[in-house]
Amino acid sequence: MNIPVLLIFFRLLLAPIILALAYFIGEDAKLIIVIAMYLGLISDILDGIIARKQNISSAKLRRMDSQTDMIFWLSIGFATWILYPKLISDNAVVIWTILAMELACYVISLIKFKKETCTHAFLSKLWGITLLIAFTSLIGFNHAGIPFALAIIMGLVSHIDRILITLILPKWTHDIPSAYHAYLIRKGIAFKRNRYLNG
């Protein structure tokens, strides 16, 4: 049984469930949505750990994990918009900026490598943590404030890093911790990858 794949599909399945809860039930479902968000994060952490323990981590699996992450977090974002449209409209400019940068990451990678981006960079992981905190605040307490601001700042920084990684890499590869490590790869300088890889 391929447990990492099952965990990835579990997270993928959570996306439409989260959207349905927000659309059909509304604020009464916000606790369930927050719990589902945390379950999704746990599955994201575990799939990488288990894949490495079972020595089955591959480019295909990492690409599947990366695309599922994007779908999962977009579903959380849309659920927030459904529940609290004013919160989202009040911050539309920065949200659209980050979405545009996310699109740019994919477009640049597709143009350069004919494959989607799959960096799993360290700053992206930090952004995921700030997103978790921000969405907990947004969905759970209808509050943006500092958690949302930190998520926006981290989102901008992490996307700049991902774009730089793609521009610097000489050829497509996955699991690049940072733009600096992409530079090391370009120069043929070895580094210990495993210590940087996470879920």
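Residues numbered from 1 in each chain as written. Predicted model: local features only at pLDDT ≥ 70, side-chain atom pairs only at ≥ 80, totals over all residues. Heavy atoms only, no water.

**Q** Outline the packing of helix 2 (residues 30-53) against helix 6 (residues 122-141), supporting the account with residue identities and numerical values.
**A** When two helices pack together, their arrangement is given by the angle between the helix axes and by the axis-to-axis distance. Packing of helix 2 against helix 6 brings their axes to within 9 Å, and their N-to-C directions diverge by 170°. Taken together, the axes of helix 2 and helix 6 are roughly antiparallel relative to one another. Relative to helix 6, helix 2 is oriented so that their crossing is left-handed. Where helix 2 approaches helix 6, its residues Lys30, Ile33, Val34, Met37, Tyr38, Leu41 and Asp44 are matched on the opposing element by Lys125, Leu132, Phe135, Thr136, Ile139 and Gly140. (Axes fitted to C-alpha atoms, helices over the stretch in contact; angles between N-to-C directions. Helix = DSSP H or I, 4+ residues; strand = E, 2+ residues; numbered from the N terminus. Parallel < 35°, antiparallel > 145°, perpendicular 65-115°, else oblique. Left-handed = near helix turned anticlockwise from the far one by under 90°. Contact = heavy atoms within 4.5 Å.)

**Q** Please set out the confidence of the model for the protein chain residue by residue, giving values where relevant.
**A** Looking at the protein chain, the pLDDT average stands at 92 and 96% of residues meet or exceed 70. Helix 4 (residues 85-90) is the least confidently modelled element of the protein chain, averaging 88 in pLDDT, while helix 1 (residues 3-25) averages 96, the highest of any element. (pLDDT = per-residue confidence, 0-100.)

**Q** Describe the side chain of Thr119, with residues and values.
**A** Along the chain, Thr119 falls in the loop between helix 5 (92-113) and helix 6. In this structure, Thr119 is in contact with Arg162, Ile165, Asp175 and Ile176, ignoring residues within four places of it in sequence.

**Q** Give me unusual backbone geometry: which residues, what numbers.
**A** Despite not being glycine, Asn55 has its phi angle at roughly 55°, a positive value. Locating Asn55 in the fold gives a position in the loop between helix 2 and helix 3 (59-83). Residue Asn55 is classed as exposed on the basis of its relative accessible area, which comes to 70%. Phi is positive for Lys114, close to 65°, though the residue is something other than glycine. Mapped onto the elements of the fold, Lys114 is located in the loop between helix 5 and helix 6. Lys114 gets classed as exposed once you look at its relative accessible area, which sits at 67%. (Buried < 20%, exposed > 50% of the residue type's maximum accessible area, 1.4 Å probe, protein only.)

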